[in-house]
Amino acid sequence: MSDLLERLRERGWRLTSQRRVVAEVLDGDHVHLTADEVHARAARLLPEISRATVYNALGELVSLGEVVEVSTDGRAKRYDPNAHRPHQHLICSGCGLIRDVHPTGDPLAGLPAEGRFGFRVSGVEVTYRGLCPGCAR
């Protein structure tokens, strides 16, 4: 069983066949699919699944904190199931490809105390942008 499905089962999330298929489609380390991509893949496994069901399941997964919504410069939101391991994103400015990256060190180290303006920082989100090898050619 996948990590995501296992976590959902432990939380008592009712795993209907539609919800299970959505979770199965999202499972993977570097999966950052749009809702339409999730629906297309889910429909291959369960042809009767509706777009509304996929959107509802994604909304619930985001609310549960099991999936993170990633917005990229006006493009469609993408859904990242790697919500429990701190990471950052590398995004291609050309095609929108997203990869998880795991730099070492404290991301707050580059933010001096005076640059925090008195904030008690509870989290850091870093996005690296550039061109993937395909777009750089």
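You'll find the structure just up there.
What comes next is a walk through the structure. (Residues numbered from 1 in each chain as written. Predicted model: local features only at pLDDT ≥ 70, side-chain atom pairs only at ≥ 80, totals over all residues. Heavy atoms only, no water.)

**Some remarks on the packing of helix α1 (residues 3-11) against helix α2 (residues 17-26)**
No. 1: Put simply, α1 and α2 touch, their axes get as near as 8 Å, and they point 140° apart. Between α1 and α2, the interaxial angle falls into the category oblique. Seen from α1, the contacting residues are Leu4, Leu5, Leu8 and Arg9; seen from α2, they are Arg20, Ala23, Glu24 and Leu26.
No. 2: Residue composition of the contact of α1 with α2, grouped by class: 5 nonpolar, no polar and 3 charged. (Axes fitted to C-alpha atoms, helices over the stretch in contact; angles between N-to-C directions. Helix = DSSP H or I, 4+ residues; strand = E, 2+ residues; numbered from the N terminus. Parallel < 35°, antiparallel > 145°, perpendicular 65-115°, else oblique. Contact = heavy atoms within 4.5 Å. Nonpolar A, V, L, I, M, F, W, Y, C, P; charged D, E, K, R; others polar.)

**Brief notes about α1**
No. 1: Regarding α1, the residues found buried are Leu4, Leu5 and Leu8. Projected down its long axis, α1 shows its buried positions confined to an angular sector of 95°, all on one face. Facing away from the buried side of α1, by more than 90 degrees, are the exposed residues Asp3 and Glu10.
No. 2: In this structure, the buried residues of α1 make contact with α2 and α4 (51-64).
No. 3: Gly12 sits one or two positions beyond α1 and adopts a positive phi of about 80°. (Buried < 20%, exposed > 50% of the residue type's maximum accessible area, 1.4 Å probe, protein only. Arc of directions from axis to C-beta.)

**Description of the sheet that holds strand β4 (residues 88-92)**
No. 1: Strands sit in the order β5-β4-β6 across an open sheet of 3 strands; the sheet is mixed. Looking along the sheet, the strands with just one partner apiece sit at the ends: β5 (98-101) and β6 (127-130). With direction set aside, neighbouring strand axes in the sheet form an average angle of 25°.
No. 2: In this sheet, β5 lies alongside β4 in antiparallel orientation, the contact comprising 4 bridges. Across the sheet, residue Gln88 finds its bridge partner in β5, namely Val101. (Pairing = 2+ DSSP bridges.)

**Description of the nonpolar core**
Looking at soluble globular proteins, one finds that nonpolar side chains tend to be buried together.
No. 1: Among the nonpolar cores identified, the biggest contains 22 residues, and Val22, Leu26, Val38, Leu58 and Leu61 are the most heavily contacted of them.
No. 2: Elements represented by at least two residues in this core include exactly α1, α2, α3 (35-45) and α4.
No. 3: Of all the elements, α2 adds the most residues to this core, at 5 residues. (Core = buried A, V, L, I, M, F, W, Y, C linked by side-chain atoms within 4.5 Å.)

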